[in-house]
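# Structural features, examined
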Amino acid sequence: MKKNVISAVIALAMTGSLFAQVNKLEDLVSEQNAKKLRENGRIELIHEKEDFDMHIVPNCEYKKQIETEVISKDLKNVPFVAEFLYLIPKSELLKGSDKSNITVNDMSVVMRSISKMTGMTYVHNNGKKTDVLYKAAYTIDGENSKTQIKDKIDGSADGLVAYCYQNDHTYGDTYYVLNYKQNDSSVYGTFLNTAPLQYLGVKAIMPKDMKISIASFDCGDSLLLYIACDCNAKNVPLFNVRKQILESMTSRMEAIFKWFMGQF
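Residues numbered from 1 in each chain as written. Predicted model: local features only at pLDDT ≥ 70, side-chain atom pairs only at ≥ 80, totals over all residues. Heavy atoms only, no water.

## Comments concerning the overall build of the protein
On a plain count of helices and strands, the protein comes out with 7 helices and 13 strands. Relative to the 2.2 N^0.38 estimate, which gives 18 Å for 264 residues, the radius of gyration of the protein is 20 Å and therefore close to what a compact globule would have. Dimensions of the protein, computed from the C-alpha atoms along their principal axes, are close to 80 × 45 × 35 Å. Considering only residue pairs separated by 6 or more positions, the protein has 63% of its internal contacts joining residues 24 or more positions apart. With an accessible surface of roughly 13,600 Å², the protein has 51% of that area assigned to carbon and sulfur atoms. Separation between the mean location of the 32 positive side-chain charges and that of the 32 negative ones in the protein comes to 2 Å. (Helix = DSSP H or I, 4+ residues; strand = E, 2+ residues; numbered from the N terminus. Rg over C-alpha atoms; globule rule 2.2 N^0.38 Å. Contact = heavy atoms within 4.5 Å. Areas by Shrake-Rupley, 256 points an atom, 1.4 Å probe, with all protein chains shown as cover. Lys, Arg positive; Asp, Glu negative; His and termini not counted. Charge placed at Lys NZ, Arg CZ, Asp CG, Glu CD.)

Below is the structure:
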């Protein structure tokens, strides 16, 4: 009987440790980037026009996928790539909350809570204007569907494929396919557009020409958040498309970060 109790305690301890796995920041990013993150809380990398490689992807099981499954680029168009890293203390996220910790499942639920993006704001026009980014946002029952369904937040996100609609302030009706992966210490999701993104009546980004990647990592007393924007926009005569995409997408990435911060 005593042996059985001891065995049960050991098994429980081992099970608890499996679910309590965390990442060490220096294992995810270079020592130099870890120092920058601890000092500044963020790293922003806007790629040059001909630089399509991902440079600051955290060292994780999704790294190769993020680096290789990129949008095909055409230099006759306007390729754009940007990467962002954020180190967020859990104590900052838990201010005013009755929660004592943030788990991988908490991160997973946030990343799947599309409907909660409705009404989120963003700062644009070089920081001069604040508007509602998504007048409406929700999960839908299939690609480019009009039918809203509940966000798929139950259980693990690993292997989940979902679809969503967003009424974007600039691009109007937008549709995405979402793919998720999850393990004991991180969650990874991608948003790939399944319909054109239109600007001033022009189809600026064609279907499957823009991907937003988001990965969050439990680092014990903090979270590491990686966001990347990868797109191949059309070149519109007499219009500075790269300038528009740069301002538009970087302001959206910042809005996603601030929205993520406010969900715990």
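Now, onward.
## Observations regarding the nonpolar core
Among the nonpolar cores identified, the biggest contains 53 residues, and Phe191, Ile205, Ile212, Ile227, Ile245 and Phe260 are the most heavily contacted of them. Excluding residues within four positions of it along the chain, Phe260 makes contact with Ile88, Val110, Met111, Ser216, Leu223 and Leu225. (Core = buried A, V, L, I, M, F, W, Y, C linked by side-chain atoms within 4.5 Å. Buried < 20%, exposed > 50% of the residue type's maximum accessible area, 1.4 Å probe, protein only.)

## Structural notes on the side chain of Gln182
The topology assignment puts Gln182 in strand β8 (residues 172-182). The exposure class assigned to Gln182 is buried, which follows from its relative accessible area of 14%. Among the polar contacts listed, one links the side chain of Gln182 to the side chain of Ser108, at a separation of 2.7 Å. Once residues lying within four places of it in the same chain are set aside, the contact partners of Gln182 are Tyr62, Val104, Asn105, Ser108, Arg112, Ser156, Ala157, Asp158 and Val187. (Polar contact = N/O pair within 3.5 Å; in protein donor to acceptor, adjacent residues only side chain to side chain.)

## Remarks on the pairing of strand β9 (residues 186-193)
Of all 8 residues in β9, 8 are buried, a share of seventy percent or more. A two-sided burial pattern is seen for β9, the buried positions comprising Ser186, Tyr188, Thr190 and Leu192 on one face and Val187, Gly189, Phe191 and Asn193 on the other. Across 7 bridges, the pairing between β8 and β9 is antiparallel. The residue bridging Tyr176 from the neighbouring strand is Asn193, located in β9. From the end of β8 to the start of β9, which pair antiparallel, there are 3 residues. Looking at chain direction, β9 and strand β12 (residues 210-218) are connected through 7 bridges and run antiparallel. Along β12, the bridge assignment pairs Ser186 with Phe217. (Pairing = 2+ DSSP bridges.)

## Describing empty space enclosed by the protein
Inspection of the entire model under this criterion finds 4 cavities of 30 Å³ or more. In this structure, the largest cavity occupies an estimated 150 Å³ of space. Taken together, 15 residues form the lining of the largest cavity, with Tyr134, Gln166, Tyr176, Ile212 and Ile256 sitting closest to its centre. When residues of the lining of the largest cavity are traced back to their parent elements, those giving at least two are β7 (161-168), β12 and α7 (241-261). Within the lining of the largest cavity, the residues separate by chemical class into 12 nonpolar, 1 polar and 2 charged. For the second largest cavity, the calculated volume is near 100 Å³. If you go around the second largest cavity, the residues you meet are Val110, Met111, Ser113, Ile114, Met117, Tyr180, Gly189, Phe191, Ile214, Ile256, Trp259 and Phe260. Sorting elements by how many residues they give to the lining of the second largest cavity places α7 first, with 3 residues. (1 Å grid on protein atoms, 1.4 Å probe; cavity = no way out; pocket = protein on both sides within 12 Å on 5 of 7 lines; lining within 4 Å. Points joined across faces, edges and corners; volume = space filled by probe spheres on them. Nonpolar A, V, L, I, M, F, W, Y, C, P; charged D, E, K, R; others polar.)

## Structural notes on the confidence of the model for the protein
Here the protein shows a mean pLDDT of 90. Residues at 70 or above account for 92%. Counting interchain partners and residues more than four positions distant, the pLDDT-below-50 stretch residues 1-19 has 1 contact. (pLDDT = per-residue confidence, 0-100.)

## Points about the packing of aromatic side chains
This model, assessed by the stated rule, comprises 7 aromatic pairs. With a centroid separation of 6.5 Å and an interplanar angle of 5°, the aromatic rings of Phe84 and Tyr86 are classed as stacked. Among the residues examined, Phe84 registers a relative accessible area of 3% and is labelled buried. On the numbers, 3.9 Å between centres and 5° between planes, the contact of Tyr86 with Phe257 is stacked. Of this pair, Tyr86 sits in strand β2 (residues 78-89) while Phe257 sits in helix α7, and the two are 171 residues apart along the sequence. An identical accessibility class is assigned to Tyr86 and Phe257; each is buried. (Phe/Tyr/Trp six-rings, centres within 6.5 Å; stacked < 30°, edge-to-face > 60°.)

## Side note on the side chain of Asp230
Checked against the element boundaries, Asp230 lands in strand β13 (residues 222-233). On the basis of relative accessibility, which here comes to 3%, the residue Asp230 falls in the buried class. Here the side chain of Asp230 touches Ile71 through a polar contact of 2.7 Å, landing on its backbone nitrogen.

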